[in-house]
Amino acid sequence: MNQHDFGERAEDNLRFIRSTMERSTRFTAVSGWGGVGMGVVGLIAAVAATRYPVSSQEWMMIWLVGAAVAAPVGAVSIWYKAARTNVAFNGAAGRAFALCFFPVVAAGAIVTWTVATTAPGALPAVWLSMYGAAITAGSAFSVRILPVMGAGFLLLGAAAGLVPSWGNMALLLGFGVLHVGFGAFIAARYDG
Amino acid sequence: MNDDTALPAQPAEALALDSLIHERVRLGIVSALAGHESVRFVDLRDALGLTDGNLSAHARKLEDAGYVTCQKTFVGRTPRTEYALTELGRRELASYLGHLESIIRTARR
């Protein structure tokens with residue numbers, strides 16, 4: 001092996017060190033128990049939306065109230081886990097996660113506002129696919145299981161888009177079952 | 001990951017490379033720890049794509065050399081293992097990086 005080869009191998013090792021440092025900077029405070037809590041809220045909303053509403057407006061309000069309750073459950077549980085595990089809530093990884101996750105959620109809110117009046121039957125597909133996209137985007141800077149969870153939401157969003165009458169069932173499976181299932185997995189594997 | 005991917009130890013500068021850090025898995029461990037005060041076992045394992053046993057074995061070698069510390073605690077009933085780079089480990093990594101840069105400079109002449 002000549003001097004040039006040694007130089008290339010040294011550069012390869014430097015690249016490896018740099019990429020390892022980047023990979024280790026992940027936001028690991030995604031809370032599994034928070035996911036379970038959000039899932040329970042989703043299940044309650046799904047049952048309520050199936051039983052009680054008499055109009056599409058009431059149906060939508062039930063889900064929006066569910067989202068309004070679930071969001072702080074998720075936020076507080078992430079904050080608590082970050083504090084408990086000494087992960088900087090506003091560190092580089094946390095900021096990167098937030099910058100990937102929240103713009104897609106905001107886009108979902110904007111699309112909801114426009115679709116609600118014109119095609120309310122499309123809302124389950126919009127909510128599930130936007131939330132799935134947000135999770136998948138955020139997963140680039142977080143725990144490794146999140147892309148699978150995001151893909152699950154995207155698939156359910158596609159199913160709800162193809163067959164609108166499955167909308168409520170897809171919402172139950174996504175915001176209820178997927179949240180609870182992946183939340184329990186994350187809690188067991190990633191320390192809460 | 002194995003020693004095949006690492007630099008061979010033939011020229012004088014390469015001989016000076018710390019063989020403990022030079023191995024790819026251990027190089028990954030110290031690199032991942034370098035940017036943090038401490039890193040949990042599960043996070044380190046996932047960042048490096050290792051099995052539990054592989055990470056434990058290599059981390060123990062670094063621990064024996066005094067390059068990393070391992071702290072085992074309980075959060076409620078859940079055990080938690082955290083690794084941190086020691087001052088000696090940071091110095092050795094810095095020295096290793098210096099050697100790599102030196103090799104690259106020599107190769108570019």
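Now for a quick tour of the structure. (Residues numbered from 1 in each chain as written. Chains lettered and ligands numbered in written order. Predicted model: local features only at pLDDT ≥ 70, side-chain atom pairs only at ≥ 80, totals over all residues. Heavy atoms only, no water.)

A look at the interface of chain A and chain B
Basically, it comes down to this: Pairs of residues are marked as contacts when any of their non-hydrogen atoms sit within 4.5 Å. What gets called buried area is simply the loss in accessible area from a 1.4 Å probe that two parts show on being joined, summed for both. For this document, the term salt bridge refers to a Lys or Arg side-chain nitrogen within 4 Å of an Asp or Glu carboxyl oxygen. Between N or O atoms, a polar contact is any pair within 3.5 Å; within protein, one atom must be a potential hydrogen donor and the other a potential acceptor, and residues adjacent in sequence are included only when both atoms are from side chains.
In this assembly, 25 residues from chain A lie in contact with 35 residues from chain B. Summing the contributions of chain A and of chain B, the shared interface buries around 2,800 Å²; its carbon and sulfur component is 59%. The largest share of the area that chain A buries against chain B comes from A:Phe6, A:Asn13 and A:Phe16, three residues that together contribute 21% of it. Counting the contacts that link chain A with chain B gives 1 salt bridge. When the shortest N-O distance is used, the salt bridge between A:Asp12 and B:Arg24 registers 2.7 Å. Across the contact surface, chain A and chain B share 5 residue pairs in polar contact (both at pLDDT 80 or more).

Let's talk about the pairing of strand 2 (residues 68–75) of chain B
All names here are of chain B. Quick note on the threshold: Strand pairing requires that DSSP identify at least two bridges connecting the strands. Runs of E in the DSSP output that reach at least two residues are strands. Runs of H or I that reach at least four are helices, and both are numbered from the N terminus.
As judged from the 8 bridges shared by strand 2 and strand 3 (residues 78–85), these two strands associate in the antiparallel manner. In the strand pairing of strand 3, Gln71 is matched with Glu82. Where strand 2 hands over to strand 3, the hairpin turn is made up of 2 residues, of which Gly76 adopts a positive phi near 65°.

Things to note about helix 3 (residues 56–84) of chain A
What counts here: In this analysis, the expected span of each helix is defined as 1.5 Å times one less than the number of residues it contains. Classification of residues uses two cut-offs on accessible area relative to the type maximum, computed with a 1.4 Å probe and protein chains only: under 20% is buried, over 50% is exposed, and between them is partly exposed.
With 29 residues, helix 3 of chain A should reach 42 Å at 1.5 Å per residue; the first-to-last C-alpha distance of 42 Å fits that figure. Turning to helix 3 of chain A, its buried residues are A:Trp59, A:Met60, A:Trp63, A:Gly66, A:Ala70, A:Gly74, A:Ser77, A:Ile78, A:Lys81 and A:Ala82.

Structural notes on the packing of aromatic side chains
Residues and elements named next belong to chain A. Counted only if it meets this: Note on ring pairs: Phe, Tyr and Trp rings are taken, using the six-membered ring of Trp, and paired if centres are within 6.5 Å. Classes follow the plane angle, with under 30 degrees stacked, over 60 edge-to-face and the rest tilted.
Considering all chains together, one arrives at 9 aromatic pairs over all chains under this definition. With centroids separated by 5.3 Å and ring planes inclined at 55°, the aromatic side chains of Tyr131 and Phe175 adopt a geometry described as tilted. Remark: Phe175 occurs in helix 7 (residues 167–189) and Tyr131 occurs in helix 5 (residues 123–138); sequence separation between them is 44 residues. Phe175 matches Tyr131 in its accessibility class, with the two residues each being buried. Judged by centre distance (5.4 Å) and plane angle (50°), the ring pair of Phe153 and Phe175 falls under tilted. Taken together, the residues span a long stretch of sequence, with Phe153 in helix 6 (residues 146–162) and Phe175 in helix 7 at a distance of 22 residues.

Looking at the nonpolar core
To be explicit about the condition: Among the buried residues, those of types Ala, Val, Leu, Ile, Met, Phe, Trp, Tyr and Cys that are joined through side-chain atoms within 4.5 Å form a nonpolar core.
Residues A:Trp63 and A:Trp127 are the most contacted members of the largest nonpolar core, which totals 43 residues. When contributions to this core are tallied by element, the ones reaching two or more residues are helix 2 (32–51), helix 3, helix 4 (92–118), helix 5, helix 6 and helix 7 of chain A. Counting residues per element, this core draws most heavily on helix 5 of chain A, at 8 residues. Setting aside residues no more than four positions away along its own chain, A:Trp127 makes contact with A:Trp59, A:Met60, A:Trp63, A:Leu64, A:Thr112, A:Leu171 and A:Phe175. A:Phe16, A:Ile17, B:Leu48 and B:Leu50 belong to the second-largest nonpolar core, a separate cluster that totals 31 residues.

Considering the environment of B:Phe41
All names here are of chain B. Structurally, Phe41 can be placed in helix 4 (residues 41–48). Judged by its relative accessible area of 13%, Phe41 falls in the buried class. Taking the C-alpha atoms as reference, Phe41 lies 9.3 Å from Cys70; in sequence the two are 29 residues apart.

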